[in-house]
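Structural overview
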Amino acid sequence: MGDVEADANMDAVQRRLMFEDECILVDENDQVVGHDTKYNCHLMERIESLNLLHRAFSVFLFNSKYELLLQQRSATKVTFPLVWTNTCCSHPLYRESELIEENALGVRNAAQRKLLDELGIPAEDVPVDQFTPLGRMLYKAPSDGKWGEHELDYLLFIVRDVNVNPNPDEVADIKYVNQEQLKELLRKADAGEDGLKLSPWFRLVVDNFLFKWWDHVEKGTIQEAADMKTIHKLT
């Protein structure tokens, strides 16, 4: 555990999660090949030397006005602190309930768990059968010199009015945005205004899928947009 001492500045909560949580290692076809700690899976040195790829998910939660809930990651997050991103982004863990492949049930179980952990959204507000898996993307993104992401990311959409009580260990701020407000956020991020930064995975979803999928959300035709056979390689 020498690495723990080497990361003495790491927040205690984040340190515990980094070593206790076991991510699901997959190949580029999303076949499970093993598991490793969240710590090892996010070290760029190991990502590059071992080509470590882990399964992840990104939740896009809309309210009944079809506004998207965004979060700003907390300052203590190891990767991408204080960046704005979609509602919730995390990993299914190497445990029976989150390894279920059928209809991405394991990933949906993990999403329900993390919405409670990060945003205090009760499980009954986000039933697992209400998540619509729309697609999968594979991407790689360094966070700083040491940390980064290499993920096969399941993109989950859900339309629900929910109770939100953010966990400050995970989330610095939240806001609901409509399409025009998100476009203004994108403009500010591109211009470097207000120090605004977006997570790389959120930006990939925005640039490749989000607005056309959002239109489907508003029309009630979201199932028509789903494509879980393709793995979009956006590295």
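Shown above is the structure to which this text applies.
Residues numbered from 1 in each chain as written. Predicted model: local features only at pLDDT ≥ 70, side-chain atom pairs only at ≥ 80, totals over all residues. Heavy atoms only, no water.

1. Things to note about the pattern of salt bridges
Taken as a whole and assessed by the stated rule, the structure comprises 18 salt bridges. A salt bridge links Asp 30 to Arg 55, with the shortest nitrogen-to-oxygen separation between them at 3.0 Å. With a gap of 25 residues between them, Asp 30 in the loop between strand E1 (22–26) and strand E2 (32–37) and Arg 55 in strand E3 (residues 54–62) connect regions that are remote in the sequence. Using a relative accessible area of 3% as the deciding quantity, one classes Asp 30 as buried. For Arg 55, a relative accessible area of 2% puts it in the buried group. Where Asp 190 meets Arg 203, a salt bridge forms, and the shortest distance between an N and an O atom there is 2.9 Å. Residue Asp 190 is located in helix H6 (residues 179–191), and its partner Arg 203 is located in helix H7 (residues 200–219); the two are separated by 13 residues in the primary sequence. On the accessibility criterion, Asp 190 (56% relative accessible area) is exposed. Of the residues examined, Arg 203 reaches a relative accessible area of 22% and is grouped as partly exposed. One salt-bridge network, held together by shared partners, links Asp 30, Arg 55, Glu 101 and Arg 136. (Salt bridge = Lys/Arg side-chain N within 4 Å of Asp/Glu carboxyl O. Helix = DSSP H or I, 4+ residues; strand = E, 2+ residues; numbered from the N terminus. Buried < 20%, exposed > 50% of the residue type's maximum accessible area, 1.4 Å probe, protein only.)

2. Overview of the side chain of Thr 87
With respect to the helices, strands and loops of the structure, Thr 87 is situated in the loop between strand E5 (84–85) and strand E6 (88–90). A polar side-chain atom of Thr 87 sits 2.9 Å from the main-chain amide nitrogen of Leu 61. Ignoring anything within four residues of it in the chain, the contact list for Thr 87 reads Val 59, Phe 60, Leu 61, Leu 68, Leu 69, Gln 71, Leu 115 and Leu 119. (Polar contact = N/O pair within 3.5 Å; in protein donor to acceptor, adjacent residues only side chain to side chain. Contact = heavy atoms within 4.5 Å.)

3. Quick word on empty space enclosed by the protein
Under the defined criterion, the tally for this structure stands at two cavities of 30 Å³ or more. Roughly 230 Å³ of internal volume is contained in the largest cavity. Put simply, the parts of the chain that give the lining of the largest cavity at least two residues each are helix H2 (12–20), E3, E6, helix H5 (105–119) and strand E8 (148–159). Here the lining of the largest cavity is composed, by residue class, of eight nonpolar, six polar and 11 charged. Space inside the second largest cavity adds up to approximately 30 Å³. (1 Å grid on protein atoms, 1.4 Å probe; cavity = no way out; pocket = protein on both sides within 12 Å on 5 of 7 lines; lining within 4 Å. Points joined across faces, edges and corners; volume = space filled by probe spheres on them. Nonpolar A, V, L, I, M, F, W, Y, C, P; charged D, E, K, R; others polar.)

4. Remarks on the packing of aromatic side chains
Going through the model one piece at a time under the given rule, you end up with 10 aromatic pairs. A ring pair is formed by Tyr 39 and Trp 147, whose centres lie 5.2 Å apart and whose planes are at 90°; its orientation type is edge-to-face. With Tyr 39 in helix H3 (residues 38–41) and Trp 147 in the loop between strand E7 (132–142) and E8, this residue pair connects regions lying 108 residues apart in the sequence. Judged by relative accessible area, which is 2%, Tyr 39 ranks as buried. Centroid distance Phe 60 to Phe 157: 5.1 Å. Interplanar angle 25°. Geometry classified as stacked. Taken together, the residues Phe 60 in strand E3 and Phe 157 in strand E8 connect sequence positions 97 residues apart. Considered together, Phe 60 and Phe 157 belong to a single accessibility category, that of buried residues. (Phe/Tyr/Trp six-rings, centres within 6.5 Å; stacked < 30°, edge-to-face > 60°.)

5. As for the state of the cysteines
Taken as a whole and assessed by the stated rule, the structure comprises zero disulfides. Of all cysteine sulfurs in the structure, the one in Cys 23 sits closest to Cys 41, which takes part in no disulfide; the separation is 4.4 Å. Looking at Cys 41, the relative accessible area reads 1%, which means it is buried. Between Cys 89, a free cysteine, and Cys 88, which holds the nearest cysteine sulfur, the sulfur-to-sulfur gap is 6.4 Å. (Disulfide = S-S within 2.5 Å.)

6. A few points about the layout of surface pockets
Considered as a void within the structure, the largest pocket measures approximately 150 Å³ in volume. Considering the residues around the largest pocket, the lining is formed by 13 residues, among which Gln 130, Thr 132, Ile 158, Val 159 and Ile 222 are closest to the centre. Listed by contribution, the elements that provide at least two residues to the lining of the largest pocket are E8 and H7. Broken down by element, the residue count for the lining of the largest pocket peaks at three residues, all from E8. Class assignment for the residues of the lining of the largest pocket results in six nonpolar, six polar and one charged.

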